[in-house]
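Here are the chains, one letter per residue:
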Amino acid sequence: MSTTMTAPEILARKGGAKIRMITAYDAPTARIADRAGADVILVGDSVANVVLGRGDTLAMTIDEMVYHTRAVAGTAPHALVVGDMPWLSYHTSAEDTVLNAGRLVREGGAEAVKLEGGRKRVPMIEAVRDAEIPVMGHLGLTPQSVHAMGGYRVQGRKAADAYELVSDARGLADAGVFAIVLEGVPDLLAEMITAEVAVPTIGIGAGAACDGQVLVFHDVLGLGEGRLPKFVRQYADLSAVAVAALERFFEDVQSGAFPGEDETYHMPEESAAILRELRESAGTLPGAGLVADDLLADEAMER
Ligand code: KIV
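Caption draft 1: Seen up close, the packing of helix α5 (residues 94–106) against helix α6 (residues 122–130). As a packed pair, α5 and α6 sit with axes 9 Å apart at the nearest point and diverge in direction by 45 degrees. With respect to their mutual orientation, α5 and α6 come out oblique. Handedness of the crossing formed by α5 with α6: right-handed. Two secondary-structure elements touch here, α5 through Ala 94, Thr 97, Val 98 and Ala 101 and α6 through Pro 123, Met 124, Ala 127 and Val 128. Each residue belonging to the contact of α5 with α6 can be placed in one class, and the counts come to seven nonpolar, one polar and no charged.

Encoded structure:
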């Protein structure tokens, strides 16, 4: 039996047990996600916002995504590791797309890649699939299109726009993606797409009808900054826990309570005695080369 989740297994979850997906960007977050039972770990380009302090995802490069993907995949999680393709790594040609997706797999250790956009991405998706790399689609509020969308806005609120997104979802499914992320769309639209396509949908701000859900690690655990989007449910306030722990550490440093006996190394008693004797005879520790040879010879004899 396989010990790691695969893209075909995720595809087979259509209409079955809900798919549990979370982002992670480094080894500690990947280990936590995997221990908690994630089916899919997405090394999202949201790393730009939540880890690197950038205003949007557009500055992420394929080199940076490979770097973060390698950190996650290096923990050998049970979950499927999906590497996010950054902006402009799949827009210029099918050939560039395959080479960049291949870097996420070969250098980063990803087992699948994700890219944003609808029917116009079909040639790229087919090319990547031809290279035997599973592809996850991403529709709706696609953050890499922030300027084209005029901001981070819910997509598909109007019937005509919603219909376009249904057609996009059909196009992606026909092109062979193994799952589609639906981000920032009304619940009715997500429900219709979910019913319409034979591949699982994974929602983020897309209501409860999707075949799975994904959120950003730092949002779920309270490690982010600023106001959270409406669709996030924060399950812990780890920033507060971390600040309180560090405050206690700093108090202990200040008071001298840290380090204690258990956190301290000691030298063998004979060596300590030699050092004390040296200091006492000279009033201070002599400089290098001035130490009486016979004293240090005593220590050599002890070994
Ligand atoms: O980059 C990311 O984290 C994502 C998820 C929000 C789906 O694309």
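Following the structure, the description resumes.
Caption draft 2: How the structure looks around the nonpolar core. Grouped together as the largest cluster of nonpolar side chains are 72 residues, with contacts concentrated most on Met 136, Phe 178 and Leu 182. By residue number, the principal contributor to this core is helix α8 (residues 159–175), which donates seven residues. When near neighbours in sequence (up to four residues on either side) are disregarded, Leu 182 contacts Leu 139, Ala 190, Ile 193, Thr 194, Thr 201, Ile 202, Gly 203, Ile 204, Ala 206 and Cys 210.

Caption draft 3: View of the pairing of strand β2 (residues 40–43). The alternating pattern of β2 places Val 40 and Leu 42 on one face and Ile 41 and Val 43 on the opposite face, and all of these are buried. As paired strands, strand β1 (residues 19–23) and β2 are joined by three bridges and run parallel to one another. The partner of Met 21 across the bridge, within β2, is Val 40. Handedness of the crossover joining β1 and β2 through helix α2 (residues 27–35) is recorded here as right-handed. Of the strand pairs in this sheet, β2 and strand β3 (residues 80–84) are connected by four bridges, and their pairing is parallel. Paired with Val 40 across the two strands is Leu 80, which belongs to β3.

Conventions we followed
- Residues numbered from 1 in each chain as written.
- Predicted model: local features only at pLDDT ≥ 70, side-chain atom pairs only at ≥ 80, totals over all residues.
- Heavy atoms only, no water.
- Axes fitted to C-alpha atoms, helices over the stretch in contact; angles between N-to-C directions.
- Helix = DSSP H or I, 4+ residues; strand = E, 2+ residues; numbered from the N terminus.
- Parallel < 35°, antiparallel > 145°, perpendicular 65-115°, else oblique.
- Left-handed = near helix turned anticlockwise from the far one by under 90°.
- Contact = heavy atoms within 4.5 Å.
- Nonpolar A, V, L, I, M, F, W, Y, C, P; charged D, E, K, R; others polar.
- Core = buried A, V, L, I, M, F, W, Y, C linked by side-chain atoms within 4.5 Å.
- Buried < 20%, exposed > 50% of the residue type's maximum accessible area, 1.4 Å probe, protein only.
- Pairing = 2+ DSSP bridges.
- Right-handed = clockwise from strand over helix to strand, strands pointing away.

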